[in-house]
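A structural walkthrough
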Amino acid sequence: MRVLIPVLVCLVACAPAPPTVVGRASMIDGDTFEIHDQRIRLWGVDAPEGRQSCDDAQVKAYACGRVAANRLDQHIQGRPVSCFEEDIDRYGRLVARCEVGGEDIGAWTVRQGHAVRYARYAGTAYVVEEAVARGGRAGVWAGRFTEPETWRRERRGG
């Protein structure tokens, strides 16, 4: 009994926190979706905006923002998404690490080249995934693109 009580306390204290939100995701763009009418922004990644275009390896423009959203939607395949709150952004969106089938969605989308790591917020997260995408010329890394944050700032005129 003396051993069992500390083990039980550790199991309870060490158990991972339950997800903040779980459900089917409706894509907004490559790094934002809705679950149960709550808008969720993926933590640590920045995908091209819905209206953003990039150049592919043949320097031909394509709708990289729409491609990012479509590929993520195809990857999720209607499976339940579990999101763990990291923050609330200035737009009132939940900023979260999200998983589908136990896989980190942010890591997947960066590794596929459909998003870049948002270094300002991610710290060292997704460094390896971005290096893999860049080295393999996956997604946006196959050609030329403007960082999504820069693209947004240019559209706002600042």
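Our structure's up above, just so we're on the same page.
Residues numbered from 1 in each chain as written. Predicted model: local features only at pLDDT ≥ 70, side-chain atom pairs only at ≥ 80, totals over all residues. Heavy atoms only, no water.

Notes on the overall build of the protein chain
Cut-off, in case you're wondering: Here a strand is any run of E in DSSP of at least two residues, a helix any run of H or I of at least four, and the numbering for each starts at the N terminus. Exposure classes here rest on a 1.4 Å probe applied to the protein chains alone. A residue is buried below 20% of its type maximum, exposed above 50%, and partly exposed in between. Throughout, a contact is declared for two residues whenever any of their heavy atoms are within 4.5 Å. Working definition of accessibility: Shrake-Rupley area with a 1.4 Å probe, residue cover restricted to the visible protein chains.
Scanning the protein chain for helices and strands turns up six helices and eleven strands. Across the 158 residues of the protein chain, 40% fall into the buried class. At a minimum sequence separation of 6, the contacts of the protein chain that also span at least 24 residues come to 54%. Only carbon and sulfur atoms are counted for the fraction: they give 52% of the accessible area of the protein chain, which is about 9200 Å².

Let's talk about the pairing of strand β2 (residues 26-29)
Looking along a regular strand, one sees the side chains alternate between the two faces of the sheet. Heads up, the condition is: The rule for pairing is simple: two strands pair if DSSP sees at least two bridges between them.
Relative to strand β3 (residues 32-35), β2 runs antiparallel, the two sharing three bridges. When the bridges of β3 are listed, Met-27 appears paired with Phe-33.

Quick word on the side chain of Asp-31
Mapped onto the elements of the fold, Asp-31 is located in the loop between β2 and β3. Apart from residues lying up to four places away in sequence, Asp-31 is in contact with Ile-40, Arg-41, Leu-42, Val-45, Asp-46 and Ala-47.

Quick word on the environment of Ala-96
Mapped onto the secondary structure, Ala-96 falls in strand β9 (residues 94-100). On the basis of relative accessibility, which here comes to 0%, the residue Ala-96 falls in the buried class. The sequence separation of Ala-96 and Ile-40 amounts to 56 residues, and the corresponding C-alpha distance is 6.8 Å. If near-sequence neighbours (up to four positions away) are discounted, Ala-96 is found in contact with Ile-40, Arg-41, Leu-42, Trp-43, Cys-83, Phe-84, Glu-85 and Glu-86.

Brief notes about the nonpolar core
Just so we agree on the cut-off: To form a nonpolar core, buried Ala, Val, Leu, Ile, Met, Phe, Trp, Tyr and Cys residues must be joined to one another through side-chain atoms within 4.5 Å.
Counting 27 residues, the largest nonpolar core has Phe-33, Ile-35, Ile-40, Val-81, Cys-83, Cys-98 and Ile-105 as its most contacted members. Those elements giving two or more residues to this core turn out to be β3, β4 (38-42), α2 (64-76), β8 (81-88), β9 and α3 (105-111). For this core, the leading source of residues is β9, giving five residues. Among the nonpolar cores identified, the runner-up in size contains six residues, and Cys-54, Val-116, Ala-133 and Trp-141 belong to it.

Looking at unusual backbone geometry
Backbone geometry at His-36 places phi at a positive 50°, although glycine is not the residue there. Positive phi, normally seen in glycine, also occurs at Tyr-126, with a value near 70°. One can find Tyr-126 in the loop between α4 (119-122) and α5 (127-135).

Observations regarding α5
Counted only if it meets this: Arc, as used here, means the arc of the directions from the helix axis to the C-beta atoms.
Within α5, burial applies to Glu-129, Glu-130 and Ala-133. Each buried residue of α5 sits inside an arc of 95° when the element is viewed along its axis, so together they form one side. Those residues of α5 that are exposed and angled more than 90 degrees off the buried face are Val-128 and Gly-135. After α5 finishes, the residue Arg-137 shows a positive phi value of roughly 50°.

Things to note about the state of the cysteines
Stated precisely, the cut-off is as follows: The disulfide criterion is simple: two cysteine sulfur atoms within 2.5 Å.
Overall, the coordinates contain two disulfides when judged by the stated rule. The disulfide partner of Cys-54 is Cys-64, and the S-S distance across this bridge is 2.1 Å. Its S-S torsion of approximately 65° makes the covalent link between Cys-54 and Cys-64 right-handed. Of this pair, Cys-54 sits in strand β6 (residues 54-55) while Cys-64 sits in helix α2, and the two are ten residues apart along the sequence. The disulfide partner of Cys-83 is Cys-98, and the gap between their sulfur atoms is 2.2 Å. Taking the sign of the torsion about the S-S bond as the criterion, the disulfide between Cys-83 and Cys-98, at about 115°, is right-handed. Taken together, the positions of Cys-83 in strand β8 and Cys-98 in strand β9 put the pair 15 residues apart, joining distant regions of the chain. Residue classification places Cys-83 among the buried positions, given a relative accessible area of 0%.

No statement about biological role is implied by the geometric values presented.
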